[in-house]
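# Report on the structure
Residue strings, one per chain:
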Amino acid sequence: MTRFILRRLVQAALVLAIMSFIIYALIGLMPGDPIDLMIASDPHLSAADAVRLKALYGLDRPLFERYLAWAQAALAGDFGYSRLYAKAALTVLAPRLGNTAILMGASFALTLAIALPLGIAAARRPGSAFDAMVNLLGFAGISVPSFWLALMLILVFAVALGLLPAGGIATIGDGGILDRLTHLALPVATLTLASVGGHMRYMRGAMIETLQQDYIRTARAKGAGELGVLLHHALRNALIPVITVVALSFGSLFSGALVTETMFAYPGMGKLIYDSVLGNDFNLALAGLLLATLTTLLANLAADIAYAAADPRITYG
Amino acid sequence: MSAARLVAGRGWRGALGRKRLLWPALVLLALAAAAALGPPLAAALGQDASLVDLHHRLAPPSLGHLLGTDEIGRDVLLRLMEGGRVSLLVGGTAALAAAILGTAIGLIAGYRGGTLDALLMRLADGVIALPLLPLLVVLAALDLRKLGLPAAIVQSDAVSLYRIIALVSLVGWTTVARLVRGASLSLRAREFVRAAEALGARPWRVMLVHILPNLATPIIVATTLSVGEIILLESVLSFLGLGIEPPMASWGNMLTGAQETIALAPQLALYPGLMILITVIACNFLGDGLQAALDPRAGRR
Amino acid sequence: MLALSMRRVAAYLLGFLVLTAAAPATAGSASPGRPGDTLAIGISQFPATLNPLVDAMLAKSYVLAMVRRPLTTYDPEWHLVCMLCVELPSFENGLAEPLDLGGGKKGVRLTYTLQPDARWGDGVPVTTEDVLFSYEVGKNPKTGVADAELYRRILRIEAKDAKTFTLDVDRLTFDYAGLNDFEILPAHIERAAFADPAQYRIASRYDTDPTNPGLYDGPYRITESAPGSHIVFERNPFWWGKAPYFRRIVVWTVENTAALEANLLAHGIDMVAGELGFPLDEALAFEQRHGQEFRVIYKPGLTYEHIDLNLDDPILADLRVRQALLLAIDRKAISEELFAGRDPVAESFVPPLDWIYTDKVPHYPYDPAQARTLLEAAGWHLAGGAIRRNDAGARLSLALATTTGDRTRELVEEVLQSEWRQIGVDVRLHNQPARVLFGDALTKRNFAMAMFAWISAPENVPRSTLRSDEIPSAANSRTGQNYAGFRNAGADRLIDAIEVELDRGRRAALWHALQRLYAEELPALPLYFRASAFVLPPWLEGVTPTGHQYPSTLWVERWRAAPPS
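Bear in mind the structure is a predicted one, so any value in this text is a computation, not a measurement.

What counts as what
Residues numbered from 1 in each chain as written. Chains lettered and ligands numbered in written order. Predicted model: local features only at pLDDT ≥ 70, side-chain atom pairs only at ≥ 80, totals over all residues. Helix = DSSP H or I, 4+ residues; strand = E, 2+ residues; numbered from the N terminus. Rg over C-alpha atoms; globule rule 2.2 N^0.38 Å. Contact = placed C-beta atoms within 7 Å. Buried ≥ 20, exposed ≤ 12 C-beta atoms within 10 Å, placed from the backbone. pLDDT = per-residue confidence, 0-100. Nonpolar A, V, L, I, M, F, W, Y, C, P; charged D, E, K, R; others polar. Core = buried A, V, L, I, M, F, W, Y, C linked by C-beta atoms within 7 Å. Domains from an automatic or database assignment. Pairing = 2+ DSSP bridges. Axes fitted to C-alpha atoms, helices over the stretch in contact; angles between N-to-C directions. Parallel < 35°, antiparallel > 145°, perpendicular 65-115°, else oblique. Left-handed = near helix turned anticlockwise from the far one by under 90°. Expected span 1.5 Å × (residues − 1).

Our focus in this paragraph is the overall build of chain C. The secondary structure content of chain C amounts to 17 helices and 18 strands. For a compact globule of 565 residues, the expected C-alpha radius of gyration is about 24 Å, and chain C comes in at 26 Å, within 12% of that figure. Look at the contacts in chain C between residues 6 or more apart in sequence, and 68% of them connect residues 24 or more apart.

Bringing the overall build of chain B into the picture now. In terms of regular secondary structure, chain B is built from 14 helices and zero strands. Counting from the amino terminus, helix and strand elements in chain B follow one another as α-α-α-α-α-α-α-α-α-α-α-α-α-α. By principal-axis analysis of the C-alpha atoms, chain B measures approximately 75 × 50 × 30 Å. A burial count over chain B gives 49% of its 301 residues as buried. Of the contacts made within chain B by residues no fewer than 6 positions apart, 72% connect residues no fewer than 24 positions apart.

A few words now on the confidence of the model for chain B. With 90% of its residues at a pLDDT of 70 or more, chain B shows a mean pLDDT of 81. For residues 1–10 of chain B, every residue scores under 50 in pLDDT, and the model assigns this stretch 17 contacts once sequence neighbours within four places are set aside.

With that settled, the discussion passes to helix α9 (residues 214–221) of chain A. Burial analysis of α9 of chain A places just zero of its eight residues in the buried class, which makes it a mostly uncovered element. Phi turns positive one or two residues past the end of α9 of chain A, at G223 of chain A, with a value near 95 degrees.

Right, let's get into the interface of chain C and chain B. With 20 residues of chain C in contact, the opposing surface of chain B contributes 19 residues. Taken together, the elements giving at least two residues each to the side of chain C that touches chain B come down to α9 (280–290), α11 (331–339) and α13 (407–422) of chain C. In terms of residue count, the dominant contributor to the side of chain C that touches chain B is α13 of chain C (eight residues). Considered class by class, the residues forming the side of chain C that touches chain B number eight nonpolar, two polar and 10 charged.

A general feature of soluble globular proteins is that nonpolar side chains tend to end up buried together. I273 of chain A, V137 of chain B together with I41 and V535 of chain C are the most contacted members of the largest nonpolar core, which totals 256 residues. Two domains share this core, each providing at least three of its residues, namely domain 1 (2–89) and domain 2 (90–310) of chain A. Those residues in contact with I273 of chain A, other than ones at most four positions away along the chain, are L258, A285, G288, L289 and A292 of chain A together with P134 and V137 of chain B. Membership of the second largest hydrophobic core comes to 67 residues, among which are L309, L316, L374 and A524 of chain C.

Here we come to the interface of chain B and chain A. Facing the 38 residues of chain B at the interface are 40 residues of chain A. Secondary-structure elements contributing two or more residues to the side of chain B that touches chain A are α5 (114–129), α6 (132–140), α12 (216–239) and α14 (266–294) of chain B. In terms of residue class, the side of chain B that touches chain A is made up of 27 nonpolar, seven polar and four charged.

Turning next to the sheet that holds strand β7 (residues 164–169) of chain C. By way of backbone hydrogen bonds, the strands of a sheet pair with one another, either parallel or antiparallel. All names here are of chain C. Taken together, the four strands give an open sheet; going across it, the order is β4-β5-β7-β6, and neighbouring strands pair in antiparallel fashion. This sheet does not close on itself; its edge strands, each paired only once, are β4 (96–100) and β6 (154–159). Adjacent strand axes in the sheet meet at a mean angle of 20 degrees when their direction is disregarded. Examined bridge by bridge, strand β5 (residues 106–113) and β7 share six bridges and lie antiparallel to one another. Across the sheet, V108 pairs through a bridge with V169, a residue of β7. Sheet contacts for helix α3 (residues 128–139): β6 and β7; angle to β6, the most-contacted strand, approximately 155 degrees.

Residue and element names in this part refer to chain A. In contact at an axis separation of 9 Å, helix α7 (residues 146–160) and helix α8 (residues 177–211) are set at 140 degrees when each is read in the N-to-C sense. Relative to α8, α7 is oriented oblique. Note on packing geometry: the crossing formed by α7 with α8 is right-handed. Counted together, S146, L149, A150, L153, I154 and F157 of α7 and L186, A189, T190, L193 and A194 of α8 form the full contact between these two elements. In the contact of α7 with α8, the residues fall into nine nonpolar, two polar and no charged.

Turning to the pairing of strand β16 (residues 524–536) of chain C, a few remarks are in order. Residue and element names in this part refer to chain C. Of all 13 residues in β16, 12 are buried; the element is thus mostly enclosed. Alignment of strand β12 (residues 295–309) against β16, held across 12 bridges, turns out to be antiparallel. Counterpart to E305 in the pairing with β16 is Y528.

Take the packing of α7 of chain A against helix α11 (residues 250–264) of chain A next. All names here are of chain A. Across the interface, α7 lies against α11 with an axial gap of 9 Å and an inter-helix angle of 35 degrees. For α7 against α11, the interelement crossing comes out right-handed. Contact with α7, carried on its side by S146, F147 and A150, involves G256, V259, T260, M263 and F264 of α11 and no other residues of that element.

A separate point is unusual backbone geometry. Residue and element names in this part refer to chain C. A positive phi angle is found at R445, which is not glycine, with a value near 55 degrees. Looking at where R445 falls in the secondary structure, it is placed in the loop between α14 (434–442) and β15 (449–454). Even without glycine at this site, E459 takes up a positive phi of about 50 degrees. Relative to the helices and strands, E459 is located in the loop between β15 and α15 (463–466). Exposure remark for E459: the 18 C-beta atoms within 10 Å place this residue in the partly exposed category.

All right, on to the environment of E245 of chain B then. In this fold, E245 of chain B is placed in the loop between α12 and α13 (251–254). Distance in space between the C-alpha atoms of E245 of chain B and S160 of chain B is 6.3 Å, their sequence separation being 85 residues.

Before going further, it helps to examine helix α9 (residues 174–188) of chain B. All names here are of chain B. When the terminal C-alpha atoms of α9 are compared, their 20 Å separation across 15 residues agrees well with the 21 Å that a helix rising 1.5 Å per residue should span. The buried fraction of α9 is high, at 11 of 15 residues. Buried residues in α9 make contact with α4 (76–112), α5, α10 (191–198), α11 (203–211) and α12.

The subject of this paragraph is the confidence of the model for chain C. All names here are of chain C. Of the residues in chain C, 93% reach a pLDDT of 70 or more, and the chain-wide mean stands at 87. Under a pLDDT of 50 for its full length, residues 1–7 has, in the predicted model, eight contacts with residues more than four places off or in other chains. This model gives residues 9–33 a pLDDT under 50, and the stretch forms 33 contacts once residues within four places in sequence are excluded. ipTM for the predicted complex: 0.84, alongside a pTM of 0.82.

Quick look at the environment of A160 of chain A now. Turning to its location among the elements, A160 of chain A is positioned in helix α7. Along the sequence, A160 of chain A and Y274 of chain A sit 114 residues apart, while their C-alpha atoms lie 29 Å from each other.

This is the structure we're talking about:
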């Protein structure tokens, strides 16, 4: 098992390195003189510093050398200076990552709490009205554009009813738990509703397939109670593909978070990446993208490990 | 030796005969027809979708403007139709491009197997698992001139159209690739393929002449399934200002300003999103139905 | 107002009232409209630095105006007034004397006296030592000041005593008495930071120690600064002017206007600054919905929104084409429908509020028929297609650029594009981020039409924007802001004459002539002058919007809460 984990870690590190190279190269293709902007973004740089940095990172150097110079600094924790926020890029990112983690975590938990039970329940009564409704909701869930969902929620709850705030993370002068929760309500609702459809369908499908297996019939024949059959036999096996899908959806959850954060002016990582790309703050954009990729890779790694641990049929190594 | 044909599921006739497939197909046809009717309708009304009329901003529905006007006085119905044309065009073209790319990759992976297969499927997994939107945001902001594209294209009207089709195809090929790979894997073991190989047919010939024709079904199913996803991707990029750029209307970019005017004109936020929802649901139902009818191995009911 | 029928407005109001009647109050805790001794102001940007000399930024001027006083400035009535000085020098009161610099060049010697009670926040008096030190810092090329030209023109400064000094300037211009941008630094604190001039930007106490009271000589001093979030101001005990009403002011940065609005409604902030707050159309919408609870003041200003035309483009080189482009757009409708008439239409680069303004210039009312005639005369014909072609077969097609991320500008662009299409001109939109537009496209003159705004001071001489030697090119290392490439000998003569004409009557005539020339030659398409919207609570009095680049906070000591009635 350890060898398996180690190998996957190495693979993840390799992917991260490749991604960082690709992203670095892409940033260089931005309009204007992006490398110059990255170097000159720090107003506290002296002229001598600027010259030195140009020698290291300037566009007259070949791409690979520039990348290596940047990577070296990055590994030491220096991601450059953010033009938009007048701070080191990493210090801007850290609190934002926390905010996004809260948003994604809450939505993720809520999504699973809704999708799994509904999917299982629908699988137990295939063809029924309940099943049809769940199926329809699932379809709607995967077909709805998340930003439109956000607009509709804002329209109903913020504009028409005035119950919930349409944006921000807290009211100025407040910041208490209740205030923060009301500000989280609509973003979490949007992200949850956008993700729940897919997971629900997948759970239902996996469950149906599992329930048709022979060993379920055997268990029932042996007299095991329905709940026992469900939990001990069916669920454990159905969960395996579901874990994979759920963990792989981390990437799309992040994309959903980007849209949600932008719609609700929620100061998270997704909005930061969007703002920094459009605001020509390339140090920040680079660092943000890499952090996003890193967390996604780690989530996939966790999924692989969970999958390997859960399924006794999988051999590791 | 002629390529043998597979008999898939209940066959096409059976598939189309089912009511489940009929209504989404009809919905999509209706949408396409409505979108295509846009220009002649505009000409008949003496207007066009980009005609600005500042003195009648945010007007309620009337005879001249069946769904009212937007924040600078353009007719909402005509813009919805133009948006439909653009979204369906982008959806269709990108899906086609993604299908070609995905088929190529899936075919090679499934037929060749081994490390190539593992590598390509890892790549597919990687693309699926990536936080797509952040990456697409960066890709959409690239300066096309630096990529070496000729100035004529970069400054043309339709460049945002080409760009979004390219971007969306770059990430939309995975569904097709997976399905095609699965089908190729099972086809590879069939007798007629083995026979062709035994007779000395080169790999390319085997893939193109023998396997590919039998992939028609999974390709069609996969492509239909991916159209919905592609339309969603295009609309979110256009909404963020990185896809179809105004004045060309797309359902996504019609919603870009909707947040600001949502209190004054909520209907402007409602219609385009509703259209996207209907179109994508129809695509998904169609794809799902096709899969159920045509793919004998699919486990769902 | 916006073109909504009363019935529709009533319907919406009714709908909202019915729905909100049953709903609890919005999330938020502060009690409504509490006048007290603190004031919370919301602005949309945070200053990147607090150093007065470097980086010209509106957010920084806004904030610093509460804690520092300039020598002179323009007041809300657009008159030059003294702040830190006692009396404006003039030839009449003898504080200004002509200076013969030899070789026929004339300069001027000015005498200023600092306010006798002026002191820094740590009690140290403001003296001529500070003035001399500031001059040293400003003229040193390694410091990297934003406005180097100001220091270049000063020949020498001499201190007569602790409070009086004389200044020798190398030319006599009509605005000779104004030293609005000469920032006076506290020598006793900043001298240490200036030990190595090249490091001054990094070492300045304004950034390393912003809560040091000795840095500030205004009614308030900064007691807390949280970058990106807020700044806290408290009364300066050594302030020598009128005692400010509010004990404490907090300036909050909220970058998103929807959040700004939400916080305003929840009373987390009391007011939104007009200088950088709501865009005009959002302020208009806000007033429609909440005009009962808040007071919205619209101040027309000097922000000149226009479209620069690249006169070296073969299509735009023809005056008839430029005139046609201007005649084909309905600027009055844009102003009335999109901006509720708050943004007056511009006919030249001088705003109606400036005393040198004249409306006796060629006007271009909306006249698409005339535009078509002009285009035909210029050789552009409709040969069956929707877009005109000339005899060589080339299409009448132009590219319009503006800054991305500005929804209002994008809407205006779409309006203009549609109107130009009506006369057979194809205009493609190529928006770019501000940095790229200003830093790259404009300075390299890599554009056909560019829509953006100039913000300036009253009676600002357009030397860098209209003079023929200010065209940025590779030869002059891209200095100058004459992006259009306007080369007009008459304009050059007028600009030079205006600068040195001291007689107001004669100068006004010259200004009028320049405006007429501008409207005749059209190096740019004038659009409108943008107003700014100040959103204030009903109990706040004394806020005087200025409409120019010197912010309303220069008179913050006059702001007060009206007693509850």
